[in-house]
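Spelled out from the first residue to the last, the chains are:
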Amino acid sequence: MAKYIIKRFALMVITVLIIATLTFFLMNLLPGSPLNEERSTNEAVQQNLEAHFNLDEPLIVQYVLYLKSIATLDFGPSIKQPTETVNSLLSRGFPISAELGIWTILTAVISGIALGVFAALKHNGLIDYIAMTVAVLGISVPNFVLATLLIQELAVNRDFFPAATWSSPAHMVLPILALATGPMAIIARLTRSSMLETLTQDYIKTARAKGLSPVKVIIKHALRNALMPVVTILGTLMAGILTGTFVIEKIFAIPGMGKYFVDSINQRDYPVIMGTTVFYSAFLVFMLFLVDIAYGLLDPRIKLHDEGGG
Amino acid sequence: MDKILDIKDLHVSFVTYGGEVQAVRGVNLELYKGETLAIVGESGCGKSVTANSIMKLIPSPPGKIKHGSIHFKGKDMTKLSNKEVRKIRGVDISMIFQDPMTALNPTLTIGDQLTEGIKQHRKISAKQANHHAIDMLKLVGIPNPDERMKQYPHQFSGGMRQRIVIAMALICEPELLIADEPTTALDVTIQAQILQLFQKIQRETGVSIILITHDLGIVAKVANRIAVMYAGKVIETGTRQEIFYHPNHPYTQGLLNSVPRLDQKGERLIPIDGTPPDLFAPPEGCPFTARCPKAMEVCSRIYPFQTELSQTHAVECWLQDERAKKYIASS
Ligand SMILES: Nc1ncnc2c1ncn2[C@@H]1O[C@H](COP(=O)(O)OP(=O)(O)OP(=O)(O)O)[C@@H](O)[C@H]1O
Ligand code: SF4
Ligand SMILES: [Mg+2]
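Because the structure is predicted, anything quoted here is derived from the model rather than measured.

Draft legend 1. Here's a closer look at the sheet that holds strand 4 (residues 63–72) of chain B. Residue and element names in this part refer to chain B. Ordered in space as 2-1-4-5, the 4 strands form an open sheet in which the pairing is antiparallel. The outermost strands of the open sheet, each flanked by one partner alone, are strand 2 (19–32) and strand 5 (75–76). Bridge count for strand 1 (residues 3–16) against strand 2 is 11 bridges, and the pairing is antiparallel. Note on strand 2: the bridge partner recorded for Asp6 is Glu30. Sheet contacts for helix 1 (residues 47–54): strand 1, strand 2 and strand 4; angle to strand 1, the most-contacted strand, approximately 115 degrees.

Below is the structure:
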């Protein structure tokens, strides 16, 4: 197990490094630079600024400096917001984004599984049809459309929830709904089909033949097996939710990391782009790692320490 | 001898998109204490459905017990509530299914699966339940039971898993064990070991066994009595001797002719031609008519009455009717 974790950790570092490198060179391929919009500044100031942010160095030197900043976890100052460092933006934005993300995941997973299980148990009944109709809608409507609809219906037309910002639990309802509905629908459908399949398995018959109660048969014997496929797609869903937060934070004016990330790209704020990208990718890679561990814990047939021959 | 199970005129159907499958159509079966009854018959003749009905394990919908009674120790299982049936499942009656590779939950330890039944039904501590489970594993011949308890199904071979399934079924000391093709998925040497295990357990515990199988070789080895099923009906029952040496129903005769026998080495096997009837619309008369070499006019129109050839031997075929003998003589 320890060996597996070390190996996975090394892989994670390499993955993040590759993402960071790609981002660095792609970013420099983008037309424009953080400073050249400000034509008004005179030549000397411009050169001073470039020197200050090391933009006058050859690209390879910049790259090495940048790697150093990753290694020391200090991404330096923002170019566009001189009073801010990248780290201060991250530490301010991340808790808010994390809050949005965690609530979204929890909402999606819990309600998705519950919906899927009920639909499977009431197979071909009314609950099943309703749940699956909701699921199809949830999958096909993009989150930004849903967000706009929710704001229009529940915040503007009816004053149920505030329309924007992130200052009280009531403010959190609409963005979480907008972001969670898609993943919830995917989880519900997957849970339903996997549950239906699991319920026909022989070991379910064995469990029933033992005289166990239906609740015990479903929770102990069926659910755990039925959730395996759900766990496998959790990583993909998390990546989706993470990118979803960019859009949702923008729509609801939530001051999270996503907002800084999108703004930084628009403004070519190199250090912020790099810092947020590295942070996002490290975070996601770590989440995927947790999902793998969870899968190994759920399914005893998967031996983590045996994987990859190591 | 005490009769512990008495099935009378059992009808079970499945309602599907295509119509109603009449899987079991008036089955009568009796089982006495300490005996092994084998149910044999071609695939799809209703063996499993009959067995599953006993513990009300028919998936419903689509399945339904439409008619008949299943008396287990005096109580009619068909009339009990689900809760009352659960108190009998795994305690008084246990069941073993065909495929040991899939009968165990892959995500739970053997120990957990062995003890959960007894924990559910008896007021005993986890420790006592573990002791019990280890004793059962010893009984079925699993070495190192203490360590094995913590392992998962995939760490066992097929034969070992079937032993575990048997241990699981026996842990609450049931009076009736229903084994639905318990050895079909195993290779021949393991099959023999498992059958010996059944016999040993029966000697030691006095459990009654219903053994469902395609394999007449197994039947010849372990059954006391045999019920031959065809198209949802029991068409002949008798002791092992009666069925093997005096088979009366043309279908039983055909079945026996289609298996290799030790005393007729080298002879060609004669499989029964044709297929069993469609159970969506079963024929009114004898369902074997289309395949029967001795079929008469009456066969296709009226179902034959049961004839008792001895106290233990009964058959449902028109050939037993007095008039049939005249008919055969005249033709
Ligand atoms: N869940 C179900 N839905 C619809 N039809 C079913 C269902 N279960 C069984 N049947 C039908 O009932 C009939 C009897 O099936 P059963 O499983 O009892 O056969 P069997 O004698 O056990 O055969 P085998 O030797 O292949 O196990 C079959 O025609 C089958 O198609
Ligand atoms: S009743 Fe007729 S068709 Fe059926 S087995 Fe007897 S002889 Fe054959
Ligand atoms: Mg069967």
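Draft legend 2. The arrangement of the UniProt feature "domain: ABC transmembrane type-1" (unreviewed entry) in chain A in detail. UniProt annotation of "domain: ABC transmembrane type-1" (unreviewed entry) refers to residues 94–295 of chain A when read in the numbering used here. Secondary structure across residues 94–295 of chain A divides into 84% helix and 0% strand, with the first and last C-alpha atoms of the span separated by 27 Å.

Draft legend 3. Local environment of the interface of chain A and chain B. The partner chain B presents 25 residues to the 22 residues of chain A that form the contact. Seen at the junction of chain A and chain B, the total is 3 salt bridges. A:Lys220 is paired through a salt bridge with B:Glu116; the nearest N and O atoms lie 2.8 Å apart. Between the two partners, chain A and chain B, sit 15 residue pairs in polar contact (both at pLDDT 80 or more). Of all the elements in the fold, those that place two or more residues in the side of chain A that touches chain B are helix 8 (202–209) and helix 9 (214–226) of chain A. Residues of the side of chain A that touches chain B, tallied by class, amount to 7 nonpolar, 6 polar and 9 charged.

Draft legend 4. How the structure looks around the packing of helix 3 (residues 110–121) of chain B against helix 4 (residues 126–139) of chain B. All names here are of chain B. One way to put it is that helix 3 packs onto helix 4 with a least axis distance of 9 Å and a crossing angle of 125 degrees. Comparing the axis directions of helix 3 and helix 4 gives the class oblique. Where helix 3 crosses over helix 4, the handedness of that crossing is right-handed. The segment helix 3 lies against helix 4, with Leu114, Thr115, Ile118 and Lys119 engaging Ala126, Ala129, Asn130, His132, Ala133 and Leu137. Here the contact of helix 3 with helix 4 is built from residues that sort into 6 nonpolar, 3 polar and 1 charged.

Conventions adopted
In this convention, every chain numbers its residues from 1, walking through the sequence in written order. A letter from A marks each chain and a number from 1 marks each ligand, given out in the order of writing. In view of the model being predicted, local features appear only for residues whose pLDDT reaches at least 70, and side-chain atom pairs are presented and counted only at 80 or more, with totals across whole chains, interfaces and linings using the full set of residues. Computation of side-chain values: all heavy atoms of the structure, hydrogens and water removed. In this scheme, strands are said to pair when DSSP sees at least two bridges between them. Secondary structure counts use DSSP, requiring at least four H or I residues in a row for a helix and at least two E residues in a row for a strand, with both numbered from the N terminus. Here, two residues are considered to be in contact whenever any of their heavy atoms come within 4.5 Å of each other. Axis definition: a line fitted to C-alpha atoms, limited for helices to the stretch in contact. Angles are taken between N-to-C directions and run from 0 to 180 degrees. UniProt positions are given in the numbering used here, feature names are shortened, and annotations may be inferred rather than shown by experiment. By convention in these notes, a salt bridge is any Lys or Arg side-chain nitrogen within 4 Å of a carboxyl oxygen on Asp or Glu. In protein, a polar contact requires one atom able to donate a hydrogen and another able to accept it; more generally it is a pair of N or O atoms within 3.5 Å, and residues adjacent in sequence count only if both atoms are side-chain atoms. In this classification, Asp, Glu, Lys and Arg are treated as charged, Ala, Val, Leu, Ile, Met, Phe, Trp, Tyr, Cys and Pro as nonpolar, and every other residue, Gly included, as polar. These descriptions rest on fixed angle ranges, namely under 35 degrees for roughly parallel, over 145 for roughly antiparallel, 65 to 115 for roughly perpendicular, and the rest for oblique. Throughout, a crossing is termed right-handed when the near helix is turned clockwise from the far one, and left-handed when it is turned anticlockwise from it by less than a right angle.

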